[in-house]
Amino acid sequence: MARATLTIDLDAVQANWRALDALSGPATATAAVVKADAYGCGAARVAPALMRAGCRHFFVALAEEGAELRAALGAGPEIFVLSGPMAGDAPLLREHALIPVVNSEEQLARHRAELAGQPYAVQLDTGMNRLGMDGLSLARAALGLNMARPRLVLSHLACADSPAHPMNAAQLAAFAAMAMALPGVPRSLAATGGILMGPAFHFEMTRPGIGIYGGLPFAGARPVVSLALPVLQLRDVMPGQTVGYGAAWTAERPSRVAILAAGYADGLMRALGGRACAFAAGRPCPVIGRVSMDMIAIDATGIDPMPATVEILGPHQGIDALAEAAGTIGYEILTALGSRYARHYKGGEG
Ligand SMILES: *Cc1c(COP(=O)(O)O)cnc(C)c1O
């Protein structure tokens, strides 16, 4: 079989969520962010596993993602839609009992007009300048917000992966002060990085994403994904011969080259060429030349016998190590993982 196998360890997903949940006190609920198909890991499998681990609050980016998630989870758990009520979303939000996160006065007006009486949350901007109401909008809207009390008030940290960054303390102070305009409404500020910064950031709900999927900044996470690429062909290359597009790699010695069955169409970005390794029987083999759409070449000289598959993500190289080779972050490695892989889920029952 030429299809590469992506294995998703649902036991690790559950363990990571439980570990993040254990970092906050019993008065703090731990949600799970499962936007972008659970960071590429498959929300239809990941979210029910998180529910079995005790999670009752989920966040997605889009109303459409929320509708799919509702089908996977059934009635009961709260599903928040971070992008808020956009034009045309009302029927979907209502039908699937989704909770839109209102990010502006305009969205608040839309919610009142199209979803009056339905639950909603409010996002405040505390300095990131992405989504959320600023102080002035909040002041204008506070009376109305307190009459139809939101389920949650949230904000998002811009620099939570750098705990010493002064933005964190500034946003914490701004959030605590702004949330006082909505007395009694549960508050949420921390994603993965914020959880790790300690109890002052936890409030009544945390919203981890990447840590659940085994990525930094949660250094203690268990790896979730592994990716094994079949060897399509082995070839011997003489000194002076080149490999791949652009003849970008030239053999300097007699070399054994293995051609692997995945490429940039599968999320193994072109930037990995000449910079990353794959692991054959635990031994590092440099990715040589250019990454093709469906193939990658590695220098497997001296690997004997050559295994049938090679690891590009797994115990020897996690998402953050591969991300570093590509000049990106673990989040992008995960969400880029393609749809062509044979997906294998393990564990997740307990
Ligand atoms: C994506 C996202 C999260 C999760 O962030 P991680 O860094 O993956 O833990 C939480 N809150 C909001 C608003 C987000 O957009």
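Reading guide: rules and limits
- Residues numbered from 1 in each chain as written.
- Predicted model: local features only at pLDDT ≥ 70, side-chain atom pairs only at ≥ 80, totals over all residues.
- Heavy atoms only, no water.
- Phe/Tyr/Trp six-rings, centres within 6.5 Å; stacked < 30°, edge-to-face > 60°.
- Helix = DSSP H or I, 4+ residues; strand = E, 2+ residues; numbered from the N terminus.
- Buried < 20%, exposed > 50% of the residue type's maximum accessible area, 1.4 Å probe, protein only.
- Salt bridge = Lys/Arg side-chain N within 4 Å of Asp/Glu carboxyl O.
- Domains from an automatic or database assignment.
- Contact = heavy atoms within 4.5 Å.
- Buried area = accessible area lost by both parts, 1.4 Å probe.
- Polar contact = N/O pair within 3.5 Å; in protein donor to acceptor, adjacent residues only side chain to side chain.
- 1 Å grid on protein atoms, 1.4 Å probe; cavity = no way out; pocket = protein on both sides within 12 Å on 5 of 7 lines; lining within 4 Å.
- Points joined across faces, edges and corners; volume = space filled by probe spheres on them.
- Nonpolar A, V, L, I, M, F, W, Y, C, P; charged D, E, K, R; others polar.
- Pairing = 2+ DSSP bridges.
- Lys, Arg positive; Asp, Glu negative; His and termini not counted.
- Near = heavy atom within 4 Å.
- Sits in = over half its atoms within 2 Å of the grid points.
- Axes fitted to C-alpha atoms, helices over the stretch in contact; angles between N-to-C directions.
- Parallel < 35°, antiparallel > 145°, perpendicular 65-115°, else oblique.
- Left-handed = near helix turned anticlockwise from the far one by under 90°.

Overview of the packing of aromatic side chains
Applying the stated criterion across every chain yields a total of four aromatic pairs. Plain terms: the ring middles of tyrosine 39 and tyrosine 213 are 4.6 Å apart, the flat faces sit at 25° to each other, and that makes the pair stacked. Linking tyrosine 39 in helix H2 (residues 35-39) with tyrosine 213 in the loop between strand S10 (205-206) and strand S11 (225-237), this pair joins segments that are 174 residues apart in sequence. Assessed through its relative accessible area of 7%, tyrosine 39 is described here as buried. Residue classification places tyrosine 213 among the buried positions, given a relative accessible area of 1%.

Focus: the pattern of salt bridges
Counted according to the given criterion, the structure contains nine salt bridges. Glutamate 78 is the partner of arginine 151 in a salt bridge, and the nearest nitrogen-oxygen pair spans 2.7 Å. One end of the pair, arginine 151, is in the loop between helix H7 (135-147) and strand S8 (153-154); the other, glutamate 78, is in strand S5 (residues 78-81), with 73 residues separating them in the sequence. Taking the relative accessible area as the measure of exposure, arginine 151 reaches 40% and is therefore partly exposed.

So, the domain arrangement of the chain
According to the domain assignment, the chain consists of domain 1 (31-213) and domain 2 (225-346). Between the C-alpha centres of domain 1 and domain 2 the distance comes to 38 Å. With eight residues of domain 1 at the contact, the number on the domain 2 side is eight residues. The largest contributions to the domain 1 side of the interface with domain 2 come from Tyr39, Arg45 and Ile210, which together make up 53% of the buried area. Here domain 1 is connected to domain 2 by zero salt bridges.

A closer look at the side chain of glutamine 123
Mapped onto the fold, glutamine 123 is located in strand S7 (residues 121-123). On the basis of relative accessibility, which here comes to 6%, the residue glutamine 123 falls in the buried class. Looking at glutamine 123, its side chain comes within polar contact range of the side chain of asparagine 103, at 2.9 Å. Discounting chain neighbours no more than four positions away, the residues touching glutamine 123 are Leu82, Val101, Val102, Asn103, Leu131, Gly132, Met133, Leu154, Ser155 and His156.

Focus: the layout of surface pockets
Of the volumes computed, that of the largest pocket is approximately 800 Å³. Contributing to the lining of the largest pocket are 36 residues, with Lys35, Tyr39, His156, Ala191 and Tyr331 lying nearest its centre. Of all the secondary-structure elements, those providing two or more residues to the lining of the largest pocket are H2, helix H9 (192-196), helix H10 (319-326) and helix H11 (330-336). Looking at the lining of the largest pocket residue by residue, the classes come out as 21 nonpolar, nine polar and six charged. Residues lining the lining of the largest pocket come from more than one domain, with at least three contributed by each of domain 1 (31-213) and domain 2 (225-346).

Quick notes on the pairing of strand S14 (residues 255-260)
In the case of a regular strand, side chains alternate between the two sheet surfaces. Taking burial as the measure, the six residues of S14 include five buried ones, the bulk of the element. The sheet contact formed by S11 and S14 spans six bridges and is antiparallel. Residue pairing across strands places arginine 235 opposite valine 257, the latter belonging to S14.

Here we look at the side chain of aspartate 89
Tracing the backbone shows aspartate 89 in the loop between S5 and helix H5 (90-95). Despite its burial, aspartate 89 pairs with no opposite charge, the nearest such side chain being arginine 110 at 7.0 Å. Once residues within four sequence positions are removed from consideration, aspartate 89 is found in contact with Ala63, Glu64 and Gly84.

Regarding the site of the ligand
Lining the immediate environment of the ligand, one finds 13 residues, of which Lys35, Tyr39, Thr192, Ile210 and Tyr331 sit closest. In this structure, glycine 209 approaches the ligand through a main-chain N or O atom, which is 2.8 Å from an oxygen atom. Because more than half of its atoms lie within 2 Å of the grid, the ligand is assigned to the largest pocket. Split into classes, the residues belonging to the shell around the ligand amount to seven nonpolar, three polar and three charged.

Quick look at the packing of helix H3 (residues 43-52) against helix H4 (residues 63-73)
Running from amino to carboxyl end, H3 crosses H4 at an angle of 55°, the nearest separation of the two axes being 9 Å. With respect to their mutual orientation, H3 and H4 come out oblique. Here H3 runs over H4; the crossing is right-handed. Between H3, through Ala44, Ala47, Pro48 and Met51, and H4, the contact on the second element is made entirely by Leu69, Ala72 and Leu73. The residue inventory of the contact of H3 with H4, partitioned by class, reads seven nonpolar, no polar and no charged.

With respect to the environment of asparagine 103
Tracing the sequence through the fold places asparagine 103 in the loop between strand S6 (99-102) and helix H6 (105-114). Note: C-alpha distance between asparagine 103 and methionine 133 (30 residues apart in sequence) is 5.6 Å. Apart from the residues lying within four places of it in its own chain, the contact partners of asparagine 103 are Leu82, Ser83, Gly84, Gln123, Leu131, Gly132 and Met133. A distance of 3.1 Å separates a polar side-chain atom of asparagine 103 from the backbone oxygen of valine 101.

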